[in-house]
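Chain by chain, the residues:
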There are 2 protein chains.
Amino acid sequence: MRNYLAIDAGGTSTRAVFFSADGQCHGYGVSGGGNPVSRGIEGASGALIQASLAALGGTDKSFASATVCMAGASLEIPTHLFHQRFAPLGLVGSLMIESDLLGAFYSGTRHDEGYALIAGTGAVAARVSSAKLAAVADGTGWLLGDNGSGFWLGREVLRAVSAALDGRGSFTVLTDMVLADLDIQWDGGSRRQGRVRAQQQLIVKAYALDPIELSRFAPLAFAAGNDETARDILDRAAALLAQTLGAVMEPELSGPMVFGGSVLTKGHAMTAAVVAALQQETRATVMEPVTVGDGVAGAAVLALKRAGEVVDAEVFAAISASLATLRG
Amino acid sequence: MRNYLAIDAGGTSTRAVFFSADGQCHGYGVSGGGNPVSRGIEGASGALIQASLAALGGTDKSFASATVCMAGASLEIPTHLFHQRFAPLGLVGSLMIESDLLGAFYSGTRHDEGYALIAGTGAVAARVSSAKLAAVADGTGWLLGDNGSGFWLGREVLRAVSAALDGRGSFTVLTDMVLADLDIQWDGGSRRQGRVRAQQQLIVKAYALDPIELSRFAPLAFAAGNDETARDILDRAAALLAQTLGAVMEPELSGPMVFGGSVLTKGHAMTAAVVAALQQETRATVMEPVTVGDGVAGAAVLALKRAGEVVDAEVFAAISASLATLRG
């Protein structure tokens, strides 16, 4: 029975799994960010190798292919830049770079048709057809889109708080939470040159961050309970994510539907809200989504499929179960 | 009769006027950006001096004060950094740094109570009381606010076009205009890795710009005629600008109301839309706004007021008329 290596290379962390064609995972490893666009080829390669060595765990067994799932633009990188680094580890076949969207999709299903919606720092939806990406919507980054993403939520939280401070919006629990998070004292609204002092501090602190770091305020929207402002932000995010998913849907294909990313997996109500908004929009029954934590199981499924191995229900279940055991 | 120098120092251009207490303007000069936050003290000083020398036109007359109107954060800069550079030009009194919001306000009125709404690249509203800024709303920059500004409009244009390309939105005249502007060919929607190729090009070109440069797409919203997407963006901008202005308004003060900035002065319908939205929101009669091109006349009015000179209707009219003549 042949062995394989599969890697889910994310922006902040990388996961690798060493497994056999029956779906049994024998080793698992993690490392830092493995995205070549943000870290460069050298930095990304280092992360891929580090996670792979941990997954291989000193075995002298070879593997028939290495399948690396990465975000969008990385798909254009020549595979030979990575291949030569994996040969010494035991790679006897090819190295394949695949979309992280497919990795996420196959973490939730073994079928070759369906949909994925990922909302982490960014937000993107895909239709999968014949085991390939047939259509992608959004995932256009923080400035152009990523509607309903962690960045989007964090920015809307800060905008709402800024508006509350100068009277364009209402002062709510969320306002207090953000001011406390940023260590800004609310003095009742004193002004300097007409500007509320607390807002001036908010401006200084917000612009000291990289824009993308605004995603760190997203959890406050979830933590604010029934705060009216937070609820409005979350409702709009759900509607936008439903719009993004709706853009790749076709009437004749209802699923399977795989949801991933922290906005959908940690915000429990968000998944239900997206489904409800989608049902209202499409006026059709939407299949119950499967939520997935990351794309490493899917990278393994994809590796087997690309190699022509059969991924039946038993193999798919074996990957999930043995991977869960390795992760402890 | 005493003479004065007044300067309106903007981010991209600086205007100076040399005038006497009766409102007669004797010289006018322009130069590049004079904002110390973006250009540094040296660069900004250079621009202020250049415009001032042109306004003074080689006269050997002294002036009783120099009044410089600048944006927000520049108000904290110690005046002595500028004062020493103006003494050799004939400054015998003090140098004062004032808010550009007051400069804009007094370009439209000689009264000391009222409102200003400025929507250029950014967007901000102020209530003026006793010739000072009593309240300021928004003007919080492109990431936190500036709702309804040129940046906001430009970003919404690009976001709408990006959404149209992948099916989240509708393909309209505005889509064609933006693709033409960015020299992107529309091939009917072919995809690579599921992503529409035209959208991939849009992403590359948009992220190659500084975020603030997205304001250059704002004019396309005005130029798109009755395009549904453009109308929606403009309607939302008007509602947001009305909200910003509404946040500084007090029931007992209906105006005067001064509107400035390219979004309000070049988009003729925008001013009317903001007034209509404001009237709907406040359910009160809103005073007809005076629109102003820039803040140099107001800087002159402010210079006279701070010096204790009387600015009656005659003086105010003289400033406007003689300044218009000098500008040709």
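- For chain A, an unreviewed UniProt entry supplies the name N-acetylglucosamine kinase and the organism Arthrobacter cryoconiti.

1. With respect to the interface of chain B and chain A
Consideration 1: The interface is formed by 40 residues belonging to chain B together with 40 residues belonging to chain A.
Consideration 2: Taken over both partners, the interface formed by chain B and chain A buries close to 3600 Å², and the fraction arising from carbon and sulfur atoms is 52%.
Consideration 3: Inspection of the chain B/chain A interface yields 2 salt bridges.
Consideration 4: Between A:Asp138 and B:Arg168 there is a salt bridge; the shortest N-O distance is 3.5 Å.
Consideration 5: Linking chain B with chain A are 29 residue pairs in polar contact (both at pLDDT 80 or more), by the criterion used here.
Consideration 6: Of all the secondary-structure elements, those providing two or more residues to the side of chain B that touches chain A are β8 (132–138), α4 (141–144), α5 (150–166), β9 (191–192), α7 (197–207) and α9 (228–248) of chain B.
Consideration 7: Looking at the side of chain B that touches chain A, the element that brings in the most residues is α5(B), giving 7 residues.
Consideration 8: In the side of chain B that touches chain A, the residues fall into 19 nonpolar, 12 polar and 9 charged.

2. A few points about the domain arrangement of chain A
Residue and element names in this part refer to chain A.
Consideration 1: Domain boundaries in chain A define domain 1 (3–111 + 293–327) and domain 2 (112–255).
Consideration 2: The C-alpha centroid of domain 2 is placed 31 Å from the C-alpha centroid of domain 1.
Consideration 3: Every contact between the two is made by 10 residues of domain 1 and, on the other side, 13 residues of domain 2.
Consideration 4: Between domain 1 and domain 2 the total buried area reaches about 870 Å² when both faces are included, carbon and sulfur atoms providing 70% of it.
Consideration 5: By the criterion of area lost to domain 2, the three top residues of domain 1 are Leu-101, Leu-102 and Phe-105, representing 58% of everything that side buries.
Consideration 6: Residue Lys-305 is joined to Asp-112 by a salt bridge in which the shortest nitrogen-to-oxygen separation is 2.7 Å.
Consideration 7: Here domain 1 is connected to domain 2 by 3 residue pairs in polar contact (both at pLDDT 80 or more).
Consideration 8: Put simply, the parts of the chain that give the side of domain 1 that touches domain 2 at least two residues each are α3 (100–108) and α12 (296–306).
Consideration 9: If one sorts the elements of the side of domain 1 that touches domain 2 by residue count, α3 sits on top with 5 residues.
Consideration 10: For the side of domain 1 that touches domain 2, the class distribution of residues is 5 nonpolar, 2 polar and 3 charged.

3. Observations concerning the sheet that holds strand β12 (residues 290–292) of chain A
Residue and element names in this part refer to chain A.
Consideration 1: Across the sheet, 5 strands lie side by side as β8-β7-β6-β11-β12; this open sheet has mixed pairing. Here the strands that pair on one side only, and so sit at the sheet edges, are β8 (132–138) and β12. Across this sheet, the average inter-strand angle for adjacent strands is 20°, counted without regard to direction.
Consideration 2: Pairing between strand β7 (residues 123–129) and β8: 6 bridges, direction antiparallel. Bridged to Ser-129 within β8 is Lys-132.
Consideration 3: Across the sheet, α3 is in contact with β6 (114–119), β7, β8, β11 (257–260) and β12; its angle to β6 comes to roughly 115°.

Reading guide: rules and limits
- Residues numbered from 1 in each chain as written.
- Chains lettered and ligands numbered in written order.
- Predicted model: local features only at pLDDT ≥ 70, side-chain atom pairs only at ≥ 80, totals over all residues.
- Heavy atoms only, no water.
- Contact = heavy atoms within 4.5 Å.
- Buried area = accessible area lost by both parts, 1.4 Å probe.
- Salt bridge = Lys/Arg side-chain N within 4 Å of Asp/Glu carboxyl O.
- Polar contact = N/O pair within 3.5 Å; in protein donor to acceptor, adjacent residues only side chain to side chain.
- Helix = DSSP H or I, 4+ residues; strand = E, 2+ residues; numbered from the N terminus.
- Nonpolar A, V, L, I, M, F, W, Y, C, P; charged D, E, K, R; others polar.
- Domains from an automatic or database assignment.
- Pairing = 2+ DSSP bridges.
- Axes fitted to C-alpha atoms, helices over the stretch in contact; angles between N-to-C directions.

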